[in-house]
Amino acid sequence: DYDRIQKFSPDGEFLFQWGGHGSAPGQFLRPQNLAIDDQDHIWVADACNHRIQVFDASRSAVKLVRCWGTEGVQPGALRYPYDLVLDGQEHLYVCEFGNHRVQKFDLEGNSLGWWGSEGRGPGQLHNPWALVCDSQGAIHVLDTNNHRVQRFIL
């Protein structure tokens, strides 16, 4: 079985897994990356389903907490979300490989804006792959096909 998430103990002992190949809530099509919030919820960029899924996996019975996203280019829609980061200020940033942008959401999945467009100039992105938020709140984006990292100060 593939397209799953596995949980291990700190000692490397396999505990359990969830997911599986598919488009139903709780399943994945190429889960690309994940983040863990301060409530130990696991946020997953479900790339080929063009959505974000949030799970409570604190016990062996995994609970789907939230799931949102549809494929598209309009604000709030996603196209191949490859990475995500929580900023600790109640915001989620999602790096969209297919839309050549970074989109900012509240924790309920409402779009709060976006930046980036396809291109090679400053502020433009070409298939961004990953992002991180530094201690100053700046977002660093791995701008894959432009062979660079761009820093955005918000």
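Above this text sits the structure in question.
A quick note: this is a predicted structure, and the numbers were derived from the prediction, not measured.

1. Notes on the pattern of salt bridges
Point 1. For the structure shown, the criterion picks out six salt bridges.
Point 2. The salt bridge partner of R79 is E71, with a shortest N-O separation of 3.5 Å.

2. Details of the layout of surface pockets
Point 1. If you add up the space inside the largest pocket, you get close to 280 Å³.
Point 2. Along its surface, the largest pocket is lined by 16 residues, and D37, D38, Q39, E90 and L107 are the ones closest to its centre.
Point 3. Split into classes, the residues belonging to the lining of the largest pocket amount to five nonpolar, five polar and six charged.
Point 4. Lining the second largest pocket we find I5, Q6, K7, W18, I36, D40, I42, A57 and S58.
Point 5. The element contributing the most residues to the lining of the second largest pocket is strand β1 (residues 4-8), with three residues.

3. Considering the side chain of H100
Point 1. In this fold, H100 is placed in the loop between β8 (91-96) and β9 (101-106).
Point 2. Its relative accessible area of 10% is what places H100 among the buried residues.
Point 3. Side-chain polar atoms of H100 contact the backbone nitrogen of N127, separated by 3.0 Å.
Point 4. Not counting residues up to four positions away in its chain, the partners in contact with H100 are G116, S117, E118, L125, H126, N127 and P128.

4. Quick notes on the sheet that holds strand β13 (residues 148-152)
Point 1. A sheet is described by the order of its strands in space; here three strands give the open sequence β11-β12-β13, paired in antiparallel fashion. The sheet is open, and its two borders are formed by β11 (130-133) and β13, each paired with just one other strand. Within the sheet, the average angular offset between the axes of one strand and its neighbour, ignoring direction, is 20°.
Point 2. Looking at chain direction, strand β12 (residues 139-143) and β13 are connected through five bridges and run antiparallel.

5. Quick look at the packing of aromatic side chains
Point 1. Applying the stated criterion across every chain, the model contains eleven aromatic pairs.
Point 2. When the centroid spacing of 5.7 Å and the interplanar angle of 70° are considered together, the rings of F8 and F14 count as edge-to-face.
Point 3. On the basis of relative accessibility, which here comes to 42%, the residue F14 falls in the partly exposed class.
Point 4. Centre to centre, the rings of W43 and W68 are 6.1 Å apart; their planes meet at 80°, and the pair counts as edge-to-face. With a gap of 25 residues between them, W43 in strand β4 (residues 41-46) and W68 in strand β6 (residues 63-68) connect regions that are remote in the sequence. Comparing W43 with W68, the two get one shared label, buried.
Point 5. Members of the aromatic cluster, joined through ring pairs, are F16, W18, F28 and F55.
Point 6. It is R101 that lies over the ring of W114; its NZ or CZ is 5.4 Å from the centre.

Here is what the cut-offs are and how they apply
Residues numbered from 1 in each chain as written. Predicted model: local features only at pLDDT ≥ 70, side-chain atom pairs only at ≥ 80, totals over all residues. Heavy atoms only, no water. Salt bridge = Lys/Arg side-chain N within 4 Å of Asp/Glu carboxyl O. 1 Å grid on protein atoms, 1.4 Å probe; cavity = no way out; pocket = protein on both sides within 12 Å on 5 of 7 lines; lining within 4 Å. Points joined across faces, edges and corners; volume = space filled by probe spheres on them. Nonpolar A, V, L, I, M, F, W, Y, C, P; charged D, E, K, R; others polar. Helix = DSSP H or I, 4+ residues; strand = E, 2+ residues; numbered from the N terminus. Buried < 20%, exposed > 50% of the residue type's maximum accessible area, 1.4 Å probe, protein only. Polar contact = N/O pair within 3.5 Å; in protein donor to acceptor, adjacent residues only side chain to side chain. Contact = heavy atoms within 4.5 Å. Pairing = 2+ DSSP bridges. Axes fitted to C-alpha atoms, helices over the stretch in contact; angles between N-to-C directions. Phe/Tyr/Trp six-rings, centres within 6.5 Å; stacked < 30°, edge-to-face > 60°. Lys NZ or Arg CZ within 6 Å of the ring centre and 35° of its normal.

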